[in-house]
Amino acid sequence: MDVVIEREPCYLLEAAELAYSLVNDIPAEKLSGTGLYCIPAEAIQRIRREACAGIESHQTALDFYFRQVTVGAEGEEVSCLGSCMLYTALKSFSSDAAQMCRELTQNWRAMRSRGLRITSISDNSLNVEEQDAGGFSSLAQEMAELPVPQSYRMQLLEAFSAFDTYLDQLLQLLTPIIGRLPALLEPWVRQAARLQEKWSQFFLENSPEEFFLQRSAVVCDNCKTVTMRFRYFFSDMALGRIWSKDGTILFHLGVGKEPEPRRAEPCSMADEEFEALRLMGNPARARMLQAMMYRTMTIQELSKALGLNPGSVHRDLNSLFCAKLLVLEAVRGKTGYRTDYEKIKALTERFLQFLEQFLQRFKLVCDLSQILAPEPVHTVVPFSFDTHIAGRCTSPSG
């Protein structure tokens with residue numbers, strides 16, 4: 001597998017992030033990060049002010065593309081038209097914004113010609129799957145199934161039905177920002193050269209397949225090329241696109257992300273591990289994990305097998321994937337999810353170790369209380385783990 005790491009900004013995407021933050025009044029601190037190579041908030045504020053000079057944040061056209069909309073069955077995500085158009089058909093990065101727009105238009109046409117259908121929506125793109133052989137669905141039908149407000153559904157249908165026209169208009173809106181960004185970002189791109197070296201050295205010494213499985217839960221067995229392009233705004237984010245038939249994976253990688261593998265403390269559990277356990281405790285999600293234990297399944301396949309709403313399945317799969325309980329795999333030209341049995345096994349084993357450690361500490365406290373107070377003035381009673389977490393200690397009945 002070839003891993004390509006590029007630090008030259010993708011100016012079209014960076015300009016879109018600035019426009020999004022301008023329209024939605026997002027503070028500069030949110031666009032920055034905590035890493036050594038992140039642009040400080042005060043510098044981002046200056047860059048945004050100079051790059052967007054003369055552009056009104058409430059300009060009608062800009063608002064049309066970048067005003068955030070709450071989406072999802074329970075309103076748990078936000079989306080905007082501009083991001084959906086730029087990321088849904090993203091197959092390659094380019095510093096030339098006009099060339100990138102031409103490629104996006106070609107990619108979208110090819111996706112529709114291949115029969116890829118829209119199945120769900122996330123915060124930055126529409127998600128697509130291969131249709132069953134002989135299947136057919138119109139763009140309007142696919143949009144009608146998305147868990148989005150009706151006004152946004154019509155907006156998406158209008159723009160994606162005339163993709164090239166609306167993308168050209170988006171490019172015209174962003175062109176002033178794109179023209180100013182190279183000079184404004186140049187010091188920070190130069191600074192990121194050291195980060196580029198770190199990533200390159202890391203992949204010389206470590207297996208890319210193992211890294212992407214551990215850090216991104218992506219199975220790269222059939223992948224030929226991974227392209228990682230640095231992003232300088234919202235620099236703690238890493239957005240990815242997987243094209244299984246082409247054998248390519250793209251990561252728009254925030255400069256706040258460094259290659260050192262994350263290690264959990266041996267005698268403690270991280271917050272995300274407790275969150276993973278909570279997700280596993282839900283009956284519907286547990287059924288989904290069971291169904292995907294021995295085979296890779298797409299959103300549509302899982303929805304049909306369990307009789308669940310595709311929007312709810314997408315939301316739950318996204319949560320389980322973010323908790324590293326699933327892996328992404330390409331099977332028969334389709335990208336689907338499979339339960340990461342080894343990860344779940346390791347997580348439950350760590351949880352048992354955590355409980356055993358807690359019980360050992362509890363026993364030590366009891367032993368010390370007996371040593372320090374041979375004639376105890378109170379009785380220590382057992383309590384359940386749930387009661388302890390809730391901060392209450394109840395005496396047993398009777």
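Keep in mind that this is a model prediction, so the values were computed, not measured. Within every chain, residues take consecutive numbers counted from 1 along the sequence as written. A pLDDT threshold of at least 70 governs which residues receive local features in this predicted model, and a stricter bar of 80 or more applies before side-chain atom pairs are shown or counted, although totals over entire chains, interfaces and linings include all residues. Side-chain measures here rest on the full set of heavy atoms in the structure, leaving out hydrogens and waters.

S.K.: Tell me about the overall build of the protein, and name the residues and values.
M.R.: The way it works is that DSSP assigns letters per residue, a run of H or I at least four long becomes a helix, a run of E at least two long becomes a strand, and they are numbered from the N terminus. Scanning the protein from N- to C-terminus turns up 17 helices and ten strands. Accessibility here uses a 1.4 Å probe with only protein chains present; expressed as a share of the type maximum, an area under 20% marks a residue as buried, one over 50% as exposed, and anything in between as partly exposed. Within the span of the protein, comprising 398 residues, buried residues form 46% of the whole. Two residues form a contact once any of their heavy atoms are found within 4.5 Å. Partitioning the intrachain contacts of the protein with sequence separation of at least 6 by distance along the chain shows that 67% fall at a separation of at least 24. Computed with a 1.4 Å probe, the accessible areas rest on the Shrake-Rupley method; for each residue, only the protein chains presented here act as cover. Of the roughly 20,200 Å² of accessible surface on the protein, 53% is carried by carbon and sulfur atoms.

S.K.: With reference to specific residues and values, describe the pairing of strand 6 (residues 225-231).
M.R.: Across the seven residues that make up strand 6, a large majority, six, are buried. Here strand 1 (residues 2-6) pairs with strand 6 via five bridges, running parallel. By the bridge assignment, Val-3 is partnered in strand 6 with Val-226. The rule for pairing is simple: two strands pair if DSSP sees at least two bridges between them. Of the strand pairs in this sheet, strand 6 and strand 8 (residues 248-254) are connected by seven bridges, and their pairing is parallel. Paired with Thr-225 across the two strands is Thr-248, which belongs to strand 8.

S.K.: Describe the environment of Lys-343, naming the residues involved and giving the relevant values.
M.R.: Within the secondary structure, Lys-343 is located in helix 16 (residues 341-372). According to the relative accessible area criterion, Lys-343 is partly exposed, its value standing at 24%. A C-alpha to C-alpha distance of 6.4 Å links Lys-343 and Leu-325, two positions 18 residues apart in sequence.

S.K.: Outline the packing of helix 5 (residues 81-88) against helix 9 (residues 163-191), supporting the account with residue identities and numerical values.
M.R.: For the pair helix 5 and helix 9, interaxial distance at closest approach is 11 Å and the crossing angle is 115°. In this view, helix 5 runs roughly perpendicular relative to helix 9, as classed from their interaxial angle. Taken as a pair, helix 5 and helix 9 cross one another with a handedness that is left-handed. Seen from helix 5, the contacting residues are Gly-82, Met-85 and Leu-86; seen from helix 9, they are Phe-163, Tyr-166, Leu-167 and Leu-170. Residue polarity is assigned by list, with Asp, Glu, Lys and Arg as charged and Ala, Val, Leu, Ile, Met, Phe, Trp, Tyr, Cys and Pro as nonpolar; anything else, Gly included, falls into the polar class. Considered class by class, the residues forming the contact of helix 5 with helix 9 number six nonpolar, one polar and no charged. Lines fitted to C-alpha atoms define the axes here, with helix axes fitted over just the stretch in contact, and angles between the N-to-C directions of these axes take values from 0 to 180 degrees. Orientation is classified from the angle alone, with under 35 degrees giving roughly parallel, over 145 giving roughly antiparallel, 65 to 115 giving roughly perpendicular, and any other angle giving oblique. Definitions for this section: a left-handed crossing has its near helix turned counterclockwise from the far helix by less than a right angle. A right-handed crossing has that turn clockwise.

S.K.: Explain helix 1 (residues 11-23) to me, and be specific about the residues and the numbers.
M.R.: Multiply 1.5 Å by the residue count of a helix minus one, and that product is the helix's expected span. If you check helix 1, its first and last C-alpha atoms are 18 Å apart, about what 13 residues at 1.5 Å a residue would give, namely 18 Å. The buried fraction of helix 1 amounts to 13 of the 13 residues, a majority that puts the element mostly inside the structure. Backbone geometry just downstream of helix 1 places Asp-25 in the positive-phi region, at approximately 55°.

S.K.: I'd love a proper account of the sheet that holds strand 8, names of residues and values included.
M.R.: Spatially, 1-6-8-7 is the arrangement adopted by the four strands of the open sheet, whose pairing is mixed. Of all the strands in the sheet, the pair left with one neighbour each is strand 1 and strand 7 (238-243). In this sheet, adjacent strand axes meet at a mean angle of 15° when their direction is disregarded. Across six bridges, the pairing between strand 7 and strand 8 is antiparallel. Following the sheet pairing, Ala-238 is matched in strand 8 by Leu-253. Strands in contact with helix 10 (residues 193-205) are strand 1, strand 6 and strand 8; relative to strand 1, the strand with the most contacts, it is inclined by about 170°.

S.K.: An account of the environment of Thr-70 is requested, with residue identities and associated values reported.
M.R.: Secondary-structure assignment places Thr-70 in strand 2 (residues 69-71). In this structure, the C-alpha to C-alpha distance between Thr-70 and Val-148, residues 78 residues apart in sequence, is 7.4 Å.

S.K.: How would you sum up the nonpolar core? Please name residues and give values.
M.R.: With 91 residues, the main nonpolar core has Phe-66 and Phe-160 as its most contacted residues. With residues near it in sequence (within four places) discarded, Phe-66 still touches Ala-16, Ala-19, Tyr-20, Val-23, Asn-24, Cys-80, Gly-82, Leu-170 and Leu-174. Among the nonpolar cores identified, the runner-up in size contains 22 residues, and Leu-279, Met-280, Met-288 and Leu-326 belong to it. Only buried Ala, Val, Leu, Ile, Met, Phe, Trp, Tyr and Cys residues count toward a nonpolar core, and they belong to the same one when joined by side-chain atoms within 4.5 Å.

S.K.: Could you give me a rundown of the confidence of the model for the protein, with the residues and numbers involved?
M.R.: Looking at any residue, its pLDDT shows the predictor's confidence there, from 0 to 100. This prediction gives the protein a mean pLDDT of 82; 82% of its residues lie at or above 70. Counting contacts from residues 262-266, a segment whose pLDDT is below 50, to residues more than four positions away or on other chains yields five contacts. Contacts from residues 363-398, a stretch scored under 50 in pLDDT, to residues over four places away or in other chains number 18 contacts.

S.K.: Mind laying out helix 8 (residues 150-161), listing which residues take part and the relevant values?
M.R.: Helix length check: helix 8 (twelve residues) gives 16 Å between terminal C-alpha atoms against 16 Å at 1.5 Å per residue, within 8%. Buried residues of helix 8: Tyr-152, Arg-153, Gln-155, Leu-156, Ala-159 and Phe-160, and no others. Projection of helix 8 onto a plane perpendicular to its axis shows the buried side chains occupying an angular sector of 160°, all on one side. Facing away from the buried side of helix 8, by more than 90 degrees, are the exposed residues Ser-151 and Ser-161. The arc under discussion is defined with respect to the helix axis, by the directions toward the C-beta atoms.

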